[in-house]
Amino acid sequence: MLRSKIFKFSLFLCFIVLSLSLSAQKLYYFSGSDWCSPCIQFKRSFIDSEEFKNFLTQSRVDFEILDFPQRDKKLSKGYKTKRDSLAELYNKEGSFPKLVVVSDSGFLRFDHHQTKEGLIKELEKYFGKKSAHYKSTRFMMGSEFQLTINDIEDSVDCFQKSWSFIQATQNLISAWDTASITSLLNRNAGRQKVKVPYEYFQLVKQCVEISDLTQGAFDVSIRPALEIWDWKKAEVPSKQKIDSVLSLVNYKNIELNIEDTTIFLKRKGMKLDFGAVGKGYVADRLKYFWVDSLDLKMGAINAGGDLVFLGDKRRGVTVPNPHKSNEGLFTFDLEINSIVTSGDYVRNFEKEGRRYSHIIDPKTCVPIDNGITSVTILGSSGTLNDILATAVAVLGEDVGLNLIEQIPGVEIVLVRSDGKEVFSSGVKFDSVKY
């Protein structure tokens, strides 16, 4: 009896909090994802459709999925309380699937039996289109890049300048381009210091600092080790070859002089490589270019899966599924500016029963084999997220998770090889697994 009264009082308090917080329009989707056949069909045909996703982007709708699964899907207690309270307010009859718009003036339910086009039109009438958005895609840095911009008159000029900026930044840091600063540094390893632009110096400095923070799990001088592994030919180098590069991979042999922005690689044969940080860094640099040079207010950069956002922080962040390309694994209720995923599923080969990942442990110069399939880092910087994703993959679950817990504003979703997911303490569920 007492427990029942406490529960009702808790719901009453939750109603008050929800009523106070509903000062703007919000779109809720009530679903039973693992038992309701119409819900499963509606999600597949409408919620996951490109048309609905484009509508959410264009109208900037605050959209949330409220799921009522039969099986335990690791939903947090707080999420369940919020979900049940909203259902008591806007779906007392418990009908599924249901789309409900809530605003100061009340709430409105939409008929999910309509055609996709008809339902989109109704939603557009209610929410309106806040702004146009434009997309452009190119293959760069060995990956597909997609740029999305909002609120600009000349999108063609903006994209042209953006692609030129990306190319120029890539040319500076590429280890493959013989005319790049990186190649110049590598050629002068063990010979002389090289003066570099300030921004390049700051990038190397950040890499060295995080190498120190991760005790060498990330190392920007990893290139000699990368050069002896060939994932296309699926060849494992000899122990002699591996031993020959061990002494060349060591960030502590990178000498930085801030006074004249010079860098010196102390050992002959040392080489820098920004493959584990390049796309996140380019995305960050482009974001600042958009603000400083193009006066953009909203946009998104997808640098081969490394996401960086300009404008309002993104909520309902989807974590990629390492086992099914182009699918999501989870969606989380977090406000972030960037999300980066790294994993052994991206590029690998098998030899004599062992799988060799493209992620190499700098201390052994051998691909990692520590039971981790993917690492997703959520935070504010594409550069930092990129570095941390690689570092955690090398460090392993326990040490890696402990590292992330000590860095403010950064969260992690780790998927183990056995399929189990591990989360940092700040991750909050917004919806269940797809």
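Small disclaimer: the values here were computed from a predicted structure and weren't measured.

Rules behind the numbers
In this numbering scheme, every chain counts its residues from 1 along its sequence in written order. Thresholds applied to this predicted model are a pLDDT of at least 70 for local features of residues and 80 or more for the giving and counting of side-chain atom pairs; totals over whole chains, interfaces and linings are not thresholded and use all residues. Excluding hydrogens and water, the side-chain figures rest on all heavy atoms present in the structure. Salt bridges are identified by distance alone: a Lys or Arg side-chain nitrogen within 4 Å of an Asp or Glu carboxyl oxygen. Secondary structure counts use DSSP, requiring at least four H or I residues in a row for a helix and at least two E residues in a row for a strand, with both numbered from the N terminus. Only protein chains enter the accessibility calculation, which uses a 1.4 Å probe; a residue is then buried when its area is under 20% of its type maximum, exposed when over 50%, and partly exposed in between. Any pair of cysteine sulfurs within 2.5 Å is marked as a disulfide. Criterion used throughout: strands pair if DSSP finds at least two bridges between them. Here, two residues are considered to be in contact whenever any of their heavy atoms come within 4.5 Å of each other. Convention adopted: a line fitted to C-alpha atoms gives each axis, helices being fitted over their contacting stretch, and angles between N-to-C directions are expressed from 0 to 180 degrees. Pairing of aromatic side chains here covers Phe, Tyr and the six-membered ring of Trp, requires ring centres within 6.5 Å, and sorts the geometry by plane angle: under 30 degrees stacked, over 60 edge-to-face, intermediate tilted. Each residue carries a pLDDT value, the predictor's own confidence for that position, ranging from 0 to 100. We call a set of buried residues a nonpolar core when its members are Ala, Val, Leu, Ile, Met, Phe, Trp, Tyr or Cys and they connect through side-chain atoms within 4.5 Å of each other. The residue classification treats Ala, Val, Leu, Ile, Met, Phe, Trp, Tyr, Cys and Pro as nonpolar and Asp, Glu, Lys and Arg as charged. All others, Gly included, are polar.

**Notes on the pattern of salt bridges**
Next up, step 1: Applying the stated criterion across every chain yields a total of 19 salt bridges.
Next up, step 2: Put simply, E64 and K26 hold a salt bridge, and the shortest N to O gap is 2.8 Å. With E64 in strand β2 (residues 63-67) and K26 in strand β1 (residues 26-31), the pair connects residues that are 38 residues apart, well separated along the chain. Neither E64 nor K26 differs from the other in exposure class; each is buried.
Next up, step 3: Here D243 ties to K239 by a salt bridge, and the two come within 2.8 Å at their closest N and O atoms. Here the residue D243 and the residue K239 both occupy positions in helix α10 (residues 239-246), the gap between them amounting to four residues, near one helical turn.

**Observations regarding the state of the cysteines**
Next up, step 1: For the structure shown, the criterion picks out one disulfide.
Next up, step 2: A sulfur-sulfur distance of 2.4 Å marks the disulfide that ties C36 to C39. On the sign convention where negative means left-handed, the S-S torsion of about 75° between C36 and C39 marks this disulfide as right-handed. The pair formed by C36 and C39 is uniform in burial state, with each residue classed as buried.

**Some points on the sheet that holds strand β9 (residues 262-265)**
Next up, step 1: The strand order β7-β9-β8 describes an open sheet built from three strands, whose pairing is antiparallel. Among the strands making up the open sheet, the edge pair consists of β7 (194-195) and β8 (254-257).
Next up, step 2: Strand direction decides the pairing type here: β7 and β9, joined by two bridges, are antiparallel. Within the sheet, the bridge partner assigned to K195 lies in β9 and is T262.
Next up, step 3: On the sheet, helix α8 (residues 198-213) packs against β8 and β9 and is oriented at approximately 130° with respect to β8.

**Side note on the packing of aromatic side chains**
Any aromatic ring pair is given by two values, namely how distant the centres are and how the planes are angled relative to each other.
Next up, step 1: Taken as a whole, this structure holds eleven aromatic pairs when the rule is applied.
Next up, step 2: Their ring planes at 85° and their centres at 5.6 Å tell us that W35 and F96 sit as a pair that is edge-to-face. Of this pair, W35 sits in the loop between β1 and α2 (37-47) while F96 is found in the loop between α4 (77-90) and β3 (98-103), placing the two residues 61 residues apart along the sequence.
Next up, step 3: Assessed through its relative accessible area of 21%, F96 is described here as partly exposed.

**Observations regarding the confidence of the model for the protein**
Next up, step 1: Confidence in the prediction for the protein averages 85 pLDDT; 89% of positions are at 70 or higher.
Next up, step 2: Here residues 1-23 is a poorly scored stretch, pLDDT under 50, and it has 15 contacts once near neighbours within four places are set aside; other chains count.

**Topic: the environment of K428**
Next up, step 1: The topology assignment puts K428 in the loop between β21 (421-423) and β22 (429-431).
Next up, step 2: What makes K428 partly exposed here is its relative accessible area of 48%.
Next up, step 3: Separated by 352 residues in sequence, K428 and S76 place their C-alpha atoms 7.6 Å apart.
Next up, step 4: Discounting residues that sit within four places of it in the chain, K428 has contacts with F332, D333 and L334.

**Some thoughts on helix α3 (residues 50-59)**
Next up, step 1: The complete set of buried residues in α3 reads F52, F55, L56, Q58 and S59.
Next up, step 2: In the core, the buried residues of α3 are packed alongside β1, α2, β2, α5 (116-127) and β5 (133-140).
Next up, step 3: R60, located one to two residues past α3, shows a positive phi value of around 50°.

**Brief notes about the sheet that holds β3**
Next up, step 1: Spatial ordering of the open sheet is given by β2-β1-β3-β4, a layout of four strands whose pairing is mixed. Single-partner strands in this sheet number two, and they are β2 and β4 (106-110). Within the sheet, the average angular offset between the axes of one strand and its neighbour, ignoring direction, is 25°.
Next up, step 2: Contacts between α2 and the sheet are confined to β1, β2 and β3, with β1 contributing the most and set at about 140° to the helix.
Next up, step 3: Relative to the sheet, α5 contacts β1, β3 and β4, its axis offset from that of β4 by approximately 165°.

**A few points about the nonpolar core**
Next up, step 1: Core analysis: the largest hydrophobic core is formed by 65 residues, its most contacted members being Y200, I254, F274 and W290.
Next up, step 2: Beyond its immediate sequence surroundings of up to four residues, W290 is in contact with L147, T148, I149, S162, D295, L296, G299, A300, I301 and L310.
Next up, step 3: Core analysis: the second largest hydrophobic core is formed by 20 residues, L27, Y29, F55 and F110 among them.

**Description of the environment of A391**
Next up, step 1: Note on placement: A391 falls in helix α12 (residues 382-395).
Next up, step 2: Of the residues examined, A391 reaches a relative accessible area of 0% and is grouped as buried.
Next up, step 3: Separated by 115 residues in the primary sequence, A391 and A276 have C-alpha atoms spaced 9.4 Å apart.
Next up, step 4: Ignoring any residue separated from it by four or fewer positions in sequence, one finds A391 in contact with T214, A217 and F218.

**Things to note about the packing of α12 against helix α13 (residues 397-405)**
Next up, step 1: At their nearest, the axes of α12 and α13 sit 6 Å apart, and the two run at 145° to each other. For the pair α12 and α13, contact is made by L388, V392 and L395 and by E397, V399, G400, L403 and I404, respectively.
Next up, step 2: Looking at the contact of α12 with α13, its residues break down into six nonpolar, one polar and one charged.

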